[in-house]
Amino acid sequence: VGLLVEALAAPFLDDSVSLVAGMEARGFIFGSLVAHRLGAGFVPLRKAGKLPCDTHRVSYSLEYGDATLEMHTDAMTAQDRVLLIDDLLATGGTAAASIALVARSGAQLVGLGFVSEHDFLGGRRALGDRRIHALLHD
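On a predicted model such as this, the values are computed, not experimentally measured, just so you know.

**Q** Any details on the packing of helix α1 (residues 2-9) against helix α2 (residues 26-38)? Residues and values, ideally.
**A** Remark: α1 packs on α2, axes separated minimally by 9 Å, with the N-to-C direction vectors making an angle of 70°. In terms of axis orientation, α1 runs roughly perpendicular to α2. Where α1 approaches α2, its residues L4, V5, E6, L8 and A9 are matched on the opposing element by F30, L33, V34, R37 and L38. A class-by-class count of the residues in the contact of α1 with α2 yields eight nonpolar, no polar and two charged.

**Q** Just give me the short version of the side chain of E24, but keep the residues and values in it.
**A** Here E24 lies in the loop between β1 (19-23) and α2. Within the structure, E24 has its side chain in polar contact with the side chain of R46 (distance 2.7 Å). With residues up to four places along the chain from it excluded, the contact list for E24 reads L45, R46, K47 and K50.

**Q** Before we move on, could you go through α1 and cite the residues and values that matter?
**A** Within α1, the full set of buried residues consists of V5, L8 and A9. Summarising the axial view, the buried residues of α1 lie within an arc of 90°, below the 170-degree limit, and thus occupy one face. The inward-facing, buried residues of α1 abut α2, β5 (81-89), β6 (108-117) and β7 (132-137).

**Q** Quick one: what's the story with the nonpolar core, residue by residue and with numbers?
**A** Grouped burial of nonpolar side chains is what soluble globular proteins tend to show. Judged by nonpolar contacts, the single largest core of 26 residues is most densely connected at L45, M76, L84 and L112. Going through the elements one at a time, β1, β2 (41-47), β3 (55-62), β4 (65-72), β5, α3 (93-105), β6 and β7 are the ones with two or more residues in this core. Broken down by element, this core gets its largest block of residues, five residues, from α3. Contact partners of M76, with chain neighbours within four places excluded, come to L19, A21, V43, M71, V82, V102, S105 and A107. Counting 15 residues, the second-largest nonpolar core is a separate cluster that includes F12, V20, V34 and A40.

**Q** Give me the lowdown on a nonpolar patch on the surface, citing residues and values where you can.
**A** A cluster of nonpolar side chains, namely V1, I29 and L33, defines an oily patch on the protein surface of about 300 Å² accessible area. Summarising the element assignment, I29 is placed in helix α2.

**Q** Would you mind going over unusual backbone geometry in detail, with residue names and values included?
**A** Look at the link from E24 to A25: it is a cis peptide, with omega at 0°. Relative to the helices and strands, A25 is located in the loop between β1 and α2. Even without being a glycine, S16 presents a positive backbone phi close to 50°. Relative to the elements of secondary structure, S16 occurs in the loop between α1 and β1.

Rules used in this analysis
- Residues numbered from 1 in each chain as written.
- Predicted model: local features only at pLDDT ≥ 70, side-chain atom pairs only at ≥ 80, totals over all residues.
- Heavy atoms only, no water.
- Axes fitted to C-alpha atoms, helices over the stretch in contact; angles between N-to-C directions.
- Helix = DSSP H or I, 4+ residues; strand = E, 2+ residues; numbered from the N terminus.
- Parallel < 35°, antiparallel > 145°, perpendicular 65-115°, else oblique.
- Contact = heavy atoms within 4.5 Å.
- Nonpolar A, V, L, I, M, F, W, Y, C, P; charged D, E, K, R; others polar.
- Polar contact = N/O pair within 3.5 Å; in protein donor to acceptor, adjacent residues only side chain to side chain.
- Buried < 20%, exposed > 50% of the residue type's maximum accessible area, 1.4 Å probe, protein only.
- Arc of directions from axis to C-beta.
- Core = buried A, V, L, I, M, F, W, Y, C linked by side-chain atoms within 4.5 Å.
- Patch = residues over 30% accessible without salt bridge, like charges linked within 9 Å, V, L, I, M, F, W, Y side chains within 5 Å.
- Areas by Shrake-Rupley, 256 points an atom, 1.4 Å probe, with all protein chains shown as cover.
- Salt bridge = Lys/Arg side-chain N within 4 Å of Asp/Glu carboxyl O.

Encoded structure:
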């Protein structure tokens, strides 16, 4: 796990990341470890109805239906520099919703990191001109 965390964090070591946001659920595991490595805070991006306080929410389409992602409204500020982390970039729907949540907070998105990317699904196209780092490709 240590080598994986180092590899995910490495491209962002000099980017003054203040928060790492992880998408439910495996993004919580990888994201919290990367946050620790970068000396940053961690923000969970959760499925609808899981967070106890006021939230920003974004609904989006998946290949098998619709979903909603939420984040506490006070989790990020305009002064934060945010790195998004998840285990997999597939079609890009969850990552695009995560980008929209960061934008609603006014925070600056530094980039996105993934353990694996299914290149054949073209998820990068859904994310625009963003800095994306994936460790494995298929």
